[in-house]
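Structure assessment
Letter by letter, the chains look like this.
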Amino acid sequence: MSGHHVVPFKTNLITFLTLVFLTVLTVYTAKNVDLGEFNLTLAMIIATAKATVVGLWFMHLKYDTWMNRAIMLSSIGFISLLFIISAVDLFTRA
């Protein structure tokens, strides 16, 4: 085990403000931006950015070992595969 990493208050504050900004951006784009079919894509890009910030700083994956990072990335890969297979099934039905 690599031990604990103490994150400075400034880093937590910047992380918090980043998440607040991305949340406000999500709400703003949902109400004021009309991209047609790409609204969902934009929302997913913003959600992915928020999930990355949470994973790296709040879950301390940035400071953790490569094994935990690999486990997290493989989990994301498998859930993505599940969504892709479900989407292919859904969109190829007659």
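Bear in mind the structure is a predicted one, so any value in this text is a computation, not a measurement.

**Re the pattern of salt bridges**
Under the definition given, this model contains 1 salt bridge. Across the pair aspartate 89 and arginine 93 runs a salt bridge, and its minimum N-O distance is 2.9 Å. By relative accessible area, which is 39% here, aspartate 89 ends up partly exposed. For arginine 93, a relative accessible area of 60% corresponds to the exposed category.

**What about the confidence of the model for the protein?**
When pLDDT is averaged along the protein, the result is 89, and 97% of the positions lie at 70 or above. Ranking the elements of the protein by mean pLDDT puts helix α2 (residues 39-58) last with 90 and helix α1 (residues 9-32) first with 94.

**Observations concerning the packing of aromatic side chains**
Following the criterion strictly, the structure yields 0 aromatic pairs and no others. The ring of tryptophan 66 carries arginine 69 above its face, with NZ or CZ at 4.5 Å from the centroid.

**Quick look at a nonpolar patch on the surface**
Residues Phe9, Leu13, Phe16, Leu17, Val20, Val24, Val54, Phe58 and Met59 make up a contiguous nonpolar surface patch of about 840 Å² in total accessible area. Elements represented by at least two residues in the nonpolar patch include exactly α1 and α2. Sort the elements by how many residues they give to the nonpolar patch and α1 lands first, with 6 residues. Of note, leucine 17 is situated in helix α1.

About the thresholds
Residues numbered from 1 in each chain as written. Predicted model: local features only at pLDDT ≥ 70, side-chain atom pairs only at ≥ 80, totals over all residues. Heavy atoms only, no water. Salt bridge = Lys/Arg side-chain N within 4 Å of Asp/Glu carboxyl O. Buried < 20%, exposed > 50% of the residue type's maximum accessible area, 1.4 Å probe, protein only. pLDDT = per-residue confidence, 0-100. Helix = DSSP H or I, 4+ residues; strand = E, 2+ residues; numbered from the N terminus. Phe/Tyr/Trp six-rings, centres within 6.5 Å; stacked < 30°, edge-to-face > 60°. Lys NZ or Arg CZ within 6 Å of the ring centre and 35° of its normal. Patch = residues over 30% accessible without salt bridge, like charges linked within 9 Å, V, L, I, M, F, W, Y side chains within 5 Å. Areas by Shrake-Rupley, 256 points an atom, 1.4 Å probe, with all protein chains shown as cover.

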